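# Structural features, examined
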Amino acid sequence: MRKALITGITGQDGAYLAKFLVSKGYKVYGGYRRSSTRNFWRLHYLDVKKDIELIPLDLLDQTSIMSAIKYCEPDEIYNLAAQSFVGVSFDEAIATGEISGLGVTRILDSIRFINPKIKFYQASTSEMFGNAPQPQSEKTPFEPASPYAAAKLYGHWVNKNYREGYNMFTCSGILFNHESPIRGIEFVTKKITDGVARIKMGYNKELLLGNLEAKRDWGFAGDYVEAMWAMLQNDTPDDYVVATGESHSVREFCEEAFAVVGLDYKNYVKTDKRFFRPVDVNYLLGDPTKIKTTIGWGPKTSFKDLVKMMVLADVEKYENPMTHSQQFLKHI
Ligand code: NAP
Ligand code: GDD
């Protein structure tokens, strides 16, 4: 049985990847950091917690990484852990650098000294392109526009250095934005779909956002974790852009999301300067040609279906709170 260790198991992608690898017959270990409140709700939501083994692992602590790897003896490691919110990276730039940047080197060195044959996936990001010209591909020069993007770019380069310098099997997926019903509430898509549901229920009267003109290439997280796995199954390690090749503005996302429940976003969405960033990335549009032609991966979920899936999940959450919480309570 093949074994995989996923860091960041409590996050959106960690839950989807765990579900996918379990379906492929892997023994899955999920690395989590200790917190005062249990934080496994996404694993309950996808009903995968019972199928995986949880193991303490903090990217700030080299020893915890080394002991997790020694204990699991994985064939593959997926590094999904990060301080992943761009907005907060302006307030916590040093912590972001320690976790999302240096954390990658801590894992790579652990692999190098314990078992350099372990295959490694690094969660790189389209944020590394910043405001570079569209469409962005593997050949586009990077222009990171936030402490988060700068930290991720460091991790991206060091991953390539270890591939070339130590002949290790390391891949980076340069993933464009991907969302789902279990997306963190601070990200704009989830903030919108949750806001739509709250307005529909009569709990809120308006939704306050920042830059409505920013454009993103939004896909579905469930599709994107399959690309992560596919990269590690290829004969040679490499870096790949993972995207849909279609971009929409935050305004368009609002229009589509409010329309799902028969409302006009113009009556509810307002801007508030608190939600604008010191520097923003205005327009991300990925070119996924390389991963399509070399690995055969492509997205299965359309923008329209993604928005609908998220809105309906949030409406259901407020309409049937008991069903929702019982689903979690069953597993605690
Ligand atoms: P997420 O929901 O924010 O999850 C991040 C995970 O990292 C959480 O499990 C978090 O644990 C964990 N983490 C944070 N600090 C840690 C530390 N010091 N040690 C160990 N774990 C730590 O992010 P996501 O959307 O699943 O994204 C997964 C990865 O892909 C991230 O690296 C992100 O930067 C990258 N990425 C995401 C996207 C996207 O659109 N989603 C696009 C490109 C790249 P807690 O639950 O304890 O906070
Ligand atoms: N979060 C948030 N909240 N963003 C807003 C808001 C708001 O109220 N109003 C407008 N926006 C704009 C942001 O300024 C940004 O231009 C865009 O919406 C998307 O913001 P986020 O959803 O926070 O995502 P992100 O693109 O900054 O970062 C996400 O995608 C990256 C890949 O490109 C994160 O998942 C990163 O971890 C990931 O690397």
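Cut-offs and rules
- Residues numbered from 1 in each chain as written.
- Chains lettered and ligands numbered in written order.
- Predicted model: local features only at pLDDT ≥ 70, side-chain atom pairs only at ≥ 80, totals over all residues.
- Heavy atoms only, no water.
- Helix = DSSP H or I, 4+ residues; strand = E, 2+ residues; numbered from the N terminus.
- Expected span 1.5 Å × (residues − 1).
- Near = heavy atom within 4 Å.
- Polar contact = N/O pair within 3.5 Å; in protein donor to acceptor, adjacent residues only side chain to side chain.
- Areas by Shrake-Rupley, 256 points an atom, 1.4 Å probe, with all protein chains shown as cover.
- Domains from an automatic or database assignment.
- Contact = heavy atoms within 4.5 Å.
- Buried area = accessible area lost by both parts, 1.4 Å probe.
- Salt bridge = Lys/Arg side-chain N within 4 Å of Asp/Glu carboxyl O.
- Phe/Tyr/Trp six-rings, centres within 6.5 Å; stacked < 30°, edge-to-face > 60°.
- Lys NZ or Arg CZ within 6 Å of the ring centre and 35° of its normal.

The next point concerns helix α7 (residues 188–201). The terminal C-alpha atoms of α7, which comprises 14 residues, lie 20 Å apart, in line with the 20 Å expected from a rise of 1.5 Å per residue. Directly beyond the C-terminal end of α7, a positive phi value near 90° is found at Gly-202.

What follows concerns the site of ligand 1. By nearness alone, 25 residues border ligand 1, and Thr-10, Asn-39, Ser-84, Tyr-148 and Lys-152 come closest of all. Here Leu-59 contributes a backbone N or O atom positioned 2.9 Å from a nitrogen atom of ligand 1. A distance of 3.1 Å is found between an oxygen atom of ligand 1 and a backbone nitrogen or oxygen belonging to Ala-82. About the coverage of ligand 1: the protein hides 90% of its 900 Å² of free accessible area. Mapped onto the shell around ligand 1, the elements with two or more residues apiece are α1 (12–23), β5 (119–125) and α6 (147–166). Among the elements that take part in the shell around ligand 1, β5 stands out by supplying 3 residues, more than any other.

Structurally, the protein comprises domain 1 (3–179 + 219–242) and domain 2 (188–216 + 247–283 + 301–329). For domain 1 and domain 2, the distance between their C-alpha centres works out to 27 Å. Counting from both sides, the interface comprises 18 residues of domain 1 and, opposite them, 17 residues of domain 2. Carbon and sulfur atoms supply 59% of the area that domain 1 and domain 2 bury against each other, a total of about 1,600 Å² over both sides. Inspection of the domain 1/domain 2 interface yields 1 salt bridge. The partner of Glu-127 in a salt bridge is Arg-216, with the nearest N and O atoms 3.7 Å apart.

With that settled, the discussion passes to the packing of aromatic side chains. The final tally for this structure, using the stated rule, is 16 aromatic pairs. Look at Phe-142 and Trp-157: their rings are 5.8 Å apart centre to centre, the planes differ by 80°, and that puts the pair in the edge-to-face class. Placement of Phe-142 in the loop between β5 and α6 and of Trp-157 in helix α6 is noted, with a sequence separation of 15 residues between them. Consider the rings of Trp-218 and Phe-253, whose centres lie 5.2 Å apart with planes at 65°: the pair is edge-to-face. In this pair, Trp-218 sits in the loop between β9 (215–216) and β10 (219–220) while Phe-253 sits in helix α9 (residues 250–260), placing the two residues 35 residues apart along the sequence. If you follow Lys-191 out to its NZ or CZ, it ends over the ring of Phe-275, 3.3 Å from the centre. Directly above the ring of Tyr-283 sits Lys-215, whose terminal nitrogen or CZ lies 4.5 Å from the centroid.

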